Amino acid sequence: MRDKLKKIFRRKNLVLGGMIVILVSVMAIFAPLLAPYHPIDDADLMNAEEPPSSRFWCGTDSQGRDILSRIIYGSRISLSIGLVTQLVNTMIGIVLGLTAGFFGKWWDDLVMGLTNIMLSIPPMIFALAIMALLGPGFINVFIALGLTNWAYSCRITRSQVLAARSMNYVIAARALGYGKIRIMFTQILPNVIGPIIVIATLGVAYAILLEAALSFLGLGTQPPNPSWGGMLATARDQFFTTPWISVFPGVAIFITVLGLNLFGDGLRDILDPHVTRK
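A few points on the structure. Computed from a predicted structure; not experimentally measured.

Another point: unusual backbone geometry. In this structure, Glu49 takes a positive phi of about 55° despite not being glycine. Turning to its location among the elements, Glu49 is positioned in the loop between helix H3 (31-34) and helix H4 (67-103). Residues other than glycine seldom take positive phi values, yet Lys105 does so here, at roughly 55°. Turning to its location among the elements, Lys105 is positioned in helix H5 (residues 105-120).

Time to look at the pattern of salt bridges. In total, this model carries three salt bridges according to the counting rule given. For Arg158, the salt bridge is made with Asp108, and the minimal N-O distance between the two is 2.6 Å. Of the two residues, Arg158 sits in helix H8 (residues 151-164) while Asp108 sits in helix H5, which places them 50 residues apart along the sequence. Taken individually, Arg158 and Asp108 each receive the classification buried, so the pair is uniform in this respect. One salt-bridge network, in which partners are shared between bridges, spans Asp61, Arg65 and Arg70.

Before going further, it helps to spend a moment on the nonpolar core. In terms of nonpolar packing, the biggest core is built from 26 residues, with Ile67, Ile71, Ile72, Ile208 and Trp228 touching the most fellow members. Secondary-structure elements contributing two or more residues to this core are helix H2 (12-29), H4, helix H10 (180-216), helix H11 (228-235) and helix H12 (244-271). What Ile71 contacts, discounting residues up to four positions off in sequence, is Trp228, Met231, Phe248, Pro249 and Ala252. Membership of the second largest hydrophobic core comes to 13 residues, among which are Ile94, Phe102, Val170 and Leu189.

A few words on the packing of helix H9 (residues 168-175) against H10. Interhelical geometry of H9 versus H10 gives an angle of 170° and a closest axis separation of 10 Å. Between H9 and H10, the angle falls in the class roughly antiparallel. Across the interface between the two elements, Tyr169, Val170, Ala173 and Arg174 of H9 pack against Ile183, Gln187, Ile188 and Asn191 of H10. In the contact of H9 with H10, the residues fall into five nonpolar, two polar and one charged.

On inspection of all chains with the given rule, the structure shows four aromatic pairs. Between Trp106 and Trp107, the ring centres sit 5.9 Å apart and the planes meet at 75°, which makes this aromatic pair edge-to-face. Note on Trp106: relative accessible area 62%, which makes it exposed. Sitting over the ring of Tyr178, Arg182 keeps its end group 3.8 Å from the ring centre.

With that out of the way, let us pick up H5. Between its first and last C-alpha atoms H5 spans 23 Å; for 16 residues at 1.5 Å apiece the expected length is 22 Å, and the two agree. Among the residues of H5, Asp108, Val111, Met112, Thr115 and Met118 are the ones counted as buried. For H5, the buried positions fall inside an angular range of 120° around the axis, keeping them on one side. Exposed residues lying more than 90 degrees from the buried face of H5 are Trp106, Asp109 and Ser120. Check the buried side of H5 and you find it contacts H4, helix H6 (123-134) and H8.

Rules used in this analysis
- Residues numbered from 1 in each chain as written.
- Predicted model: local features only at pLDDT ≥ 70, side-chain atom pairs only at ≥ 80, totals over all residues.
- Heavy atoms only, no water.
- Helix = DSSP H or I, 4+ residues; strand = E, 2+ residues; numbered from the N terminus.
- Salt bridge = Lys/Arg side-chain N within 4 Å of Asp/Glu carboxyl O.
- Buried < 20%, exposed > 50% of the residue type's maximum accessible area, 1.4 Å probe, protein only.
- Core = buried A, V, L, I, M, F, W, Y, C linked by side-chain atoms within 4.5 Å.
- Contact = heavy atoms within 4.5 Å.
- Axes fitted to C-alpha atoms, helices over the stretch in contact; angles between N-to-C directions.
- Parallel < 35°, antiparallel > 145°, perpendicular 65-115°, else oblique.
- Nonpolar A, V, L, I, M, F, W, Y, C, P; charged D, E, K, R; others polar.
- Phe/Tyr/Trp six-rings, centres within 6.5 Å; stacked < 30°, edge-to-face > 60°.
- Lys NZ or Arg CZ within 6 Å of the ring centre and 35° of its normal.
- Expected span 1.5 Å × (residues − 1).
- Arc of directions from axis to C-beta.

Next comes the structure, spelled out in structure tokens:
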């Protein structure tokens with residue numbers, strides 16, 4: 001156990017990324033306790049566009065709302081959308097990739113054809129197309145992003161299954177009379193889950209960026225709800241006069257995505273057997 005902990009703590013990217021992810025998660029969970037003001041109700045035009053100070057650490061926006069409080073509450077939206085949508089994407093990718101790699105034949109051709117189509121379409125364009133059909137809104141963002149980024153998980157899962165289905169433990173399971181579904185989910189999936197977890201972690205960061213982009217374009221979370229992308233959108237015309245309104249939400253997005261990417265990269269170093277460990 002001690003040796004495993006030493007290996008983990010030697011991965012600086014994993015440790016740093018994990019600290020950032022934990023910090024943002026704590027901020028989202030305990031937002032009502034950490035935020036000094038309410039992100040919507042505590043608007044005071046008398047305090048509009050106040051620069052950072054001891055009272056408002058990150059300043060205020062054009063409606064006198066505390067930016068720090070809105071960033072703290074905005075972490076709830078970003079993390080919930082990132083986690084839920086990537087969970088849906090990963091589940092879709094695992095089911096399609098697992099069955100395509102295991103059964104092969106026409107089903108494999110169909111799934112890979114659909115995967116190639118999805119990979120040929122930029123996720124942002126696909127999400128915009130769905131949002132154009134459904135309209136802007138918080139729930140519609142979940143639906144759009146939950147159907148956008150599953151192709152990577154599907155391809156990775158399929159490639160891992162193709163390598164695993166000829167392993168001795170799968171052959172032994174067949175000899176013992178295990179059914180196909182049981183072999184897939186109890187023998188193959190636990191042995192190929194490592195790379196899928198890494199892809200899912202990186203996908204959360206990408207989903208957060210997509211949500212911020214949709215909110216920036218006015219198709220995501222609607223005002224006055226505190227969304228990091230929406231905060232950037234409302235402040236884009238004031239960047240040179242009141243830069244703090246857009247800088248701090250941008251920094252929040254950058255740090256969160258950086259932390260998730262570092263954490264995912266560190267997980268890859270730990271879980272991937274082909275990575276040389278020091």
